[in-house]
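Observations on the model geometry
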Amino acid sequence: MELKLKGKIIKGVGGIYEIRISRSDADMLRGVGMKLEADTLLCKARGVFRHEKLTLLVGDDVMIRVDTELAMASDADSRTGRTKRDEARGGVMIEETLPRKNELIRPPMANLDMIFAVVAAAKPEPALSTVDKLITIAEYKHIEPVIIITKADLAPEAAENYASIYRKCGFHVFVEGLGIDGGELEAFIRENADKVSAFAGASGVGKSTLMNRLFPSLGLATGEISQKTECGRHTTRHIELYPLAHQFGEGTTGYLADTPGFGMLDFVQFDFYTKDDLPYVFREFEPYIGCCKYTKCTHTKEDGCALIEAVKAGEIPLERHKSYLEFYEVLKNKHKWDKK
Ligand SMILES: Nc1nc2c(ncn2[C@@H]2O[C@H](COP(=O)(O)OP(=O)(O)OP(=O)(O)O)[C@@H](O)[C@H]2O)c(=O)[nH]1
Ligand SMILES: [Mg+2]
Ligand SMILES: [Zn+2]
């Protein structure tokens, strides 16, 4: 029997994708004798994806073709000692991707509703401009940024200070750490259990640790940070979307992803947004835009800049304007290089 089904890519490693399908489709496949783990199928992509270098991303909604006889034949192979990778040969194939709502380069994912920007209060020492890059890219893509400050047990004052910066801008902020009751974050994830979200941030900030707390059955690897550099060691290697249905029961449609830590988000190498977009991706700037003395105000140093006045008055956090200035400089120069 040959079928076309809809599914979602929840993991992709070395050209093998794990696709989650609906419970009813999974039951139908079980009905004809296929063996499925947790409503998921392993498969490869049709040749065209490889040949034309079309990217498939975790979070992509896809149409798959299932040849049940072939799939079951390779199932049988697996019982004779073959690995799961071999199971993916031919029986199930990704045929096409459905239109994306959005996509990110880092972490490379599609169709996100929400991104948790995870930053440690200490160890590793936070770089707010990196956090702000992630937040502003998310804003640009209409992905709701939520801030999580971890390791508050190591630096409680710093954690509260960072939290207040982002609360002032109007973000949801959660302060987490060993010995801190994480109930609020759990409740928030439960309230948003219909959304597709991801934890993102530098290596070693505690993304997988949080994930394990939220999903105790996962048992994800977490890594010590380096004593010498106080940087993470890139413990998580792959993105994986976890169905929230496992936690909150069947009928829950959302997912949460753990992602590998990243270092720099490179504005020069990648096109995230332009200099002209910049004032609009800082949500706390919005009330002041259009109120400056000069219509072409760059909000960097001009007299009568409403935004700079707001920073001086403590209405906009200084740190956020600092990030703005840093990004402005990079994007301005990038534009120059483009013209050459
Ligand atoms: N003191 C303290 N340590 C923490 C906390 N959260 C995580 N850690 C420790 O920080 C280290 C790194 O945690 P991970 O969860 O592996 O960090 P990660 O963000 O997943 O790192 P990558 O997978 O490399 O991106 C581990 O040794 C954790 O035990 C926390 O709230 N407080
Ligand atoms: Mg990790
Ligand atoms: Zn201005």
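Structure shown above.
We now turn to the structure provided with this report. Since the model is a prediction, treat every value here as computed from it, not as a measurement.

**Observations regarding the coordination of the magnesium ion (ligand 2)**
- At the metal site, the magnesium ion (ligand 2) is ligated by S208 (OG) and T236 (OG1), and these contacts range over 1.9 to 2.1 Å. One end of the pair, S208, is in helix α8 (residues 207–214); the other, T236, is in the loop between α8 and β12 (240–243), with 28 residues separating them in the sequence. For the pair formed by S208 and T236, the shared burial category is buried.

**Focus on the environment of F282**
- Counting through the fold element by element, F282 comes out in the loop between β13 (255–258) and α10 (306–312).
- Sequence-wise, F282 and G219 are 63 residues apart; in three dimensions their C-alpha atoms are separated by 36 Å.
- Setting aside chain neighbours within four positions, we find F282 in contact with T136, R320, S323, Y324 and F327.

**Observations concerning the site of ligand 1**
- Near ligand 1, the surroundings consist of 21 residues, among which D153, S203, K207, T209 and T236 are the closest.
- Within the contact set of ligand 1, a nitrogen atom lies 2.7 Å away from a side-chain nitrogen or oxygen of D153.
- Take G261: an N or O atom from its main chain is 2.8 Å from an oxygen atom of ligand 1.
- Isolated, ligand 1 exposes 660 Å² of accessible area, and the fraction of that covered by the protein chains is 88%.
- The cavity that encloses ligand 1 is the largest pocket.
- Taken together, the residues of the shell around ligand 1 break down into five nonpolar, twelve polar and four charged.

**Thoughts on unusual backbone geometry**
- For the bond running from R106 to P107, omega is -10 degrees, close enough to zero to count as cis.
- Relative to the assigned elements, P107 resides in the loop between β6 (103–104) and β7 (109–110).
- With an omega dihedral of 0 degrees, the bond running from K123 to P124 counts as a cis peptide bond.
- Residues other than glycine seldom take positive phi values, yet D39 does so here, at roughly 60 degrees.

Definitions and limits used
- Residues numbered from 1 in each chain as written.
- Chains lettered and ligands numbered in written order.
- Predicted model: local features only at pLDDT ≥ 70, side-chain atom pairs only at ≥ 80, totals over all residues.
- Heavy atoms only, no water.
- Donors = N, O, S within 2.8 Å, 3.2 Å for Na, K, Ca; no water.
- Helix = DSSP H or I, 4+ residues; strand = E, 2+ residues; numbered from the N terminus.
- Buried < 20%, exposed > 50% of the residue type's maximum accessible area, 1.4 Å probe, protein only.
- Contact = heavy atoms within 4.5 Å.
- Near = heavy atom within 4 Å.
- Polar contact = N/O pair within 3.5 Å; in protein donor to acceptor, adjacent residues only side chain to side chain.
- Areas by Shrake-Rupley, 256 points an atom, 1.4 Å probe, with all protein chains shown as cover.
- 1 Å grid on protein atoms, 1.4 Å probe; cavity = no way out; pocket = protein on both sides within 12 Å on 5 of 7 lines; lining within 4 Å.
- Sits in = over half its atoms within 2 Å of the grid points.
- Nonpolar A, V, L, I, M, F, W, Y, C, P; charged D, E, K, R; others polar.

In short, shape yes, function no, at least from these values alone.
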